[in-house]
Amino acid sequence: MNIADIIGPIMVGPSSSHTAGAVKIGRISKKLLGEEVAKADIYFHGSFLATGKGHGTDKALIAGLLGLSVDDERIPKSFILATEKELEFHFFGIDLGEVHPNTVKLNLTGIHGKSLEIIAASIGGGRIKITQIDGLTANFSGDYPTLVVHNLDQPGHVTEVTSMLGHKSINIATMQLYRDSRGGNAVMVIECDQEVPIASIHWLEKLEGIKKVTYLSLEED
Amino acid sequence: MYKAMEDILREAKEHQLEFWEVVQMDDCKERDISKEESFLQMKKMYEAMKHADEAYDKELISASTLCGQDGEKMKQAKEKGNLLCGDFIGTVMEKALKMGESNACMKRIVAAPTAGSCGVLPAVLLALQEKEGISEEEIVKALYVAAGIGGVIASRAFLAGASGGCQAEIGSASAMAAGAVTYLKKGTPEQISDSSALALKGLLGLACDPVAGLVEVPCVKRNVIGAVNALTSSDMACAGIESKIPADEVFDAMKSIGRSLPTAIKETGEGGLAATPTGLKYKETLEQDF
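Residues numbered from 1 in each chain as written. Chains lettered and ligands numbered in written order. Predicted model: local features only at pLDDT ≥ 70, side-chain atom pairs only at ≥ 80, totals over all residues.

## Examining the overall build of chain B
- When its secondary structure is counted, chain B shows 13 helices and 1 strand.
- Ordered by position from the N terminus, the helices and strands of chain B form the series α-α-α-α-α-β-α-α-α-α-α-α-α-α.
- Whereas a compact globule of 290 residues would reach a radius of gyration of roughly 19 Å, chain B reaches 18 Å, a difference of no more than 12%.
- Buried residues in chain B amount to 56% of all 290 residues.
- Expressed as a percentage of contacts within chain B between residues at least 6 apart in sequence, the contacts between residues at least 24 apart total 78%. (Helix = DSSP H or I, 4+ residues; strand = E, 2+ residues; numbered from the N terminus. Rg over C-alpha atoms; globule rule 2.2 N^0.38 Å. Buried ≥ 20, exposed ≤ 12 C-beta atoms within 10 Å, placed from the backbone. Contact = placed C-beta atoms within 7 Å.)

Quick look at the structure:
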């Protein structure tokens with residue numbers, strides 16, 4: 001946190017958690033999907049479900065999925081914009097259990113057929129946390145270029161990824177590993193200090209045992 | 001960010017700096033940016049506030065229909081000369097309502113420190129600028145003063161209603177605005193600190209009890225009390241009236257009070273005004289509509 005968080009951000013109201021945070025979740029989810037969103041099923045939990053409509057959380061999320069920023073004055077009109085861009089969306093209520101009260105689950109399909117399931121929470125002051133990707137735990141803020149690698153739980157995959165990052169002179173800020181069972185599905189979430197080149201991501205995707213690579217770039221589209 | 005007003009005051013004294021300069025230097029160090037870049041970013045915040053004030057739409061009503069159009073009513077009453085509080089306070093009230101309403105109606109605002117309390121700082125700064133012809137540069141410096149105070153409060157306590165009740169939002173905004181005004185009135189760094197203490201002391205314990213959980217009732221009108229309270233606190237400090245409890249200890253008191261407050265009055269929409277028969281009736285109607 002710094003003084004730009006005290007005076008700022010410039011944002012469309014009414015709520016940093018329910019509006020600005022929701023835009024950010026949508027925006028980061030779109031970037032993680034890696035292409036324009038064609039279809040979005042959106043499941044609101046807890047306080048998002050109870051007070052989301054009055055806070056414009058629904059419009060904010062769609063605005064984010066369209067790639068708008070938190071201060072974009074088109075946010076209140078995002079539904080119209082979505083129709084223009086042929087983004088089909090549906091809202092549902094859900095009980096995700098013991099999670100943050102401002103949590104949402106997104107099932108996204110891209111225009112070229114990519115798909116992604118995300119669970120994210122708006123944790124206050126416009127800051128967010130991605131808590132799950134494609135059913136596996138994740139835990140990152142979207143404030144760094146972030147590499148998410150889904151792989152089989154086998155020896156060597158972490159080395160492959162970290163050596164690649166080392167070769168490209170990319171410093172790792174944080175790194176987390178999760179798996180659903182021994183030898184089952186595993187995920188590594190790596191927040192980096194520099195952007196990962198797109199060619200390196202394609203290289204990773206081709207490695208045996210790597211099932212899916214998702215990358216959050218902070219560079220503007 | 002500084003963790004104590006005492007530290008800012010000491011830095012200012014030791015290096016013969018103004019309060020705002022101490023805050024700016026810290027910002028440059030923390031974010032690794034130049035003074036020019038830091039100043040430019042702060043100026044952008046001021047410009048966004050000014051633009052938001054000018055962009056107020058007197059026809060707008062929030063999605064819930066619970067708020068809108070009150071800023072315009074205030075303006076008309078002022079123009080008719082009907083206000084006991086006079087033209088200047090009338091303008092402050094008008095601007096605070098307008099910004100709070102713009103926020104509720106999904107217009108672009110500057111969270112300062114939060115979206116719910118976004119009307120307090122611009123109301124006093126823009127009204128004072130209009131009244132006394134203060135330069136843009138001075139207003140930006142006053143924003144640094146406000147940011148410095150808000151930073152200390154964030155470090156020692158909290159700024160979110162969900163964490164500490166409305167005292168953490170409107171209370172903090174009021175303390176920040178009081179310090180900013182005291183700077184513009186050529187108060188000393190000690191008077192800046194005292195005015196922020198006086199402002200927050202007046203709002204300690206304030207519940208966050210929004211009707212139907214929306215940032216509308218009572219949030220919009222609480223921006224008025226935050227703004228006016230900032231002015232009276234600054235006037236007191238500039239008159240030489242001291243806060244008997246130093247600012248840092250007032251911020252700590254806010255934290256301990258915030259922790260003691262039940263969750264029903266910390267932005268859950270379950271207690272206080274939200275739980276009144278009328279508050280519940282609004283909530284029910286909204287649930288049917290949505």
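## With respect to the overall build of chain A
- Within chain A, the regular secondary structure consists of 7 helices and 11 strands.
- By the compact-globule yardstick of 17 Å for 221 residues, chain A fits well, its C-alpha radius of gyration being 17 Å.
- Its C-alpha atoms give chain A principal-axis dimensions of roughly 50 × 35 × 35 Å.
- Expressed as a percentage of its 221 residues, the buried residues of chain A come to 45%.
- For chain A, the share of sequence-separated contacts (at least 6 apart) that also reach a separation of at least 24 residues comes to 65%.

## Considering the environment of Met49(B)
All names here are of chain B.
- Positionally, Met49 belongs in helix α3 (residues 35–54).
- Assessed through the 26 C-beta atoms surrounding it within 10 Å, Met49 is described here as buried.
- As for Met49 and Leu159, which are separated by 110 residues in sequence, their C-alpha atoms are 20 Å apart.
- Beyond its immediate chain neighbours, meaning those up to four positions away, Met49 contacts Val110, Pro122 and Leu126.

## Some points on the interface of chain B and chain A
- With 39 residues of chain B at the interface, the matching set in chain A holds 27 residues.
- Elements with a minimum of two residues in the side of chain B that touches chain A: α2 (19–31), α3, α5 (86–104), β1 (108–110) and α7 (136–156) of chain B.
- Among the elements that make up the side of chain B that touches chain A, the one with the highest residue count is α7(B) (6 residues).
- Across the side of chain B that touches chain A, the residue classes break down as 25 nonpolar, 9 polar and 5 charged.
- Pairing between strand β1 (residues 10–12) of chain A and β1(B): 3 bridges, direction antiparallel. Bridged to Ile10(A) within β1(B) is Val110(B). (Nonpolar A, V, L, I, M, F, W, Y, C, P; charged D, E, K, R; others polar. Pairing = 2+ DSSP bridges.)

## A closer look at the packing of α5(B) against helix α11 (residues 219–238) of chain B
All names here are of chain B.
- Following both chains from N to C, one finds α5 and α11 inclined at 145°, their axes separated by 8 Å at the closest point. As α5 packs across α11, the resulting crossing turns out to be right-handed. Where α5 approaches α11, its residues Ile89, Val92, Met93, Ala96, Leu97, Met99, Gly100, Glu101 and Ala104 are matched on the opposing element by Cys219, Val220, Asn223, Val224, Ala227, Val228 and Leu231.
- Considering only residue class, the contact of α5 with α11 consists of 13 nonpolar, 2 polar and 1 charged. (Axes fitted to C-alpha atoms, helices over the stretch in contact; angles between N-to-C directions. Left-handed = near helix turned anticlockwise from the far one by under 90°.)

## Section: the domain arrangement of chain A
- Segmentation of chain A into domains returns domain 1 (3–133) and domain 2 (146–216).
- A separation of 26 Å is found between the C-alpha centroids of domain 1 of chain A and domain 2 of chain A. (Domains from an automatic or database assignment.)

## Details of the pairing of strand β8 (residues 146–152) of chain A
Residues and elements named next belong to chain A.
- In terms of residue burial, β8 counts as a mostly covered element, since 5 of its 7 residues are buried.
- Sheet analysis places β8 next to strand β10 (residues 185–192), joined by 7 bridges and oriented antiparallel. Pairing of Thr146 across the sheet is with Glu191, part of β10.
- Where β8 lies against strand β11 (residues 210–216), 6 bridges are found, and the strand directions are antiparallel. From the neighbouring strand, Leu147 faces β11, where its bridge partner is Tyr215.

## Remarks on the nonpolar core
- Counting 153 residues, the largest nonpolar core has Val110(B), Val124(B), Leu143(B), Val145(B), Ala146(B), Ala177(B) and Ala180(B) as its most contacted members.
- Residue assignment places this core across two domains, with domain 1 (3–133) and domain 2 (146–216) of chain A each supplying three or more.
- Excluding anything up to four places from it in sequence, Val124(B) contacts Val92(B), Ala177(B), Val181(B), Ala227(B), Ala230(B) and Leu231(B). (Core = buried A, V, L, I, M, F, W, Y, C linked by C-beta atoms within 7 Å.)

## A look at the sheet that holds β11(A)
All names here are of chain A.
- Reading across from one edge, β9-β10-β8-β11 is the order of the 4 strands in this open sheet, with antiparallel pairing throughout. In this open sheet, the two edge strands, each paired with only one partner strand, are β9 (172–179) and β11. On average, each strand axis in the sheet is inclined to that of its neighbour by 10°, with strand direction left out of account.
- Against the sheet, helix α6 (residues 157–167) contacts β8, β9, β10 and β11, and its axis sits at roughly 20° relative to β10.
- Of the strands in this sheet, β8 and β11 are in contact with helix α7 (residues 198–206), which crosses β11 at around 160°.

## Here's the deal with the sheet that holds strand β5 (residues 115–124) of chain A
Residues and elements named next belong to chain A.
- Read across the sheet, 6 strands follow the order β3-β2-β4-β5-β6-β7 without closing on themselves; strand pairing throughout is mixed. For this open sheet the edge positions go to β3 (88–93) and β7 (136–140), each flanked by a neighbour on one side alone. The sheet shows a mean angle of 20° between the axes of neighbouring strands, direction not considered.
- Its contacts with the sheet put helix α2 (residues 16–33) on β2 (37–45), β4 (102–110), β5 and β6 (127–133), and the angle it makes with β5 is roughly 150°.
- Contacts from helix α4 (residues 57–65) reach β2, β3 and β4, with the element oriented near 145° to β2.

## Some points on the packing of helix α1 (residues 5–14) of chain B against α2(B)
Residues and elements named next belong to chain B.
- Taken N-terminus to C-terminus, the directions of α1 and α2 make an angle of 105°; their axes are 9 Å apart at the nearest point. For the element pair α1 / α2, the angle class is roughly perpendicular. Facing α1, whose interface residues are Ile8, Glu11 and Ala12, α2 presents Phe19, Val22 and Val23.
- Tallied by class, residues from the contact of α1 with α2 come to 5 nonpolar, no polar and 1 charged. (Parallel < 35°, antiparallel > 145°, perpendicular 65-115°, else oblique.)

## Notes on the confidence of the model for chain B
- Across chain B, pLDDT averages 96, with 99% of residues at or above 70.
- The complex prediction reports pTM at 0.91, with the ipTM value standing at 0.96. (pLDDT = per-residue confidence, 0-100.)

## Quick look at the environment of Ser78(A)
Residues and elements named next belong to chain A.
- Tracing the sequence through the fold places Ser78 in helix α5 (residues 78–84).
- Exposure remark for Ser78: the 26 C-beta atoms within 10 Å place this residue in the buried category.
- Separated by 16 residues in sequence, Ser78 and Ile62 place their C-alpha atoms 6.2 Å apart.
- For Ser78, the residues in contact, after removing those within four places along its chain, are Lys59, Ile62, Ala63, Leu66 and Leu68.

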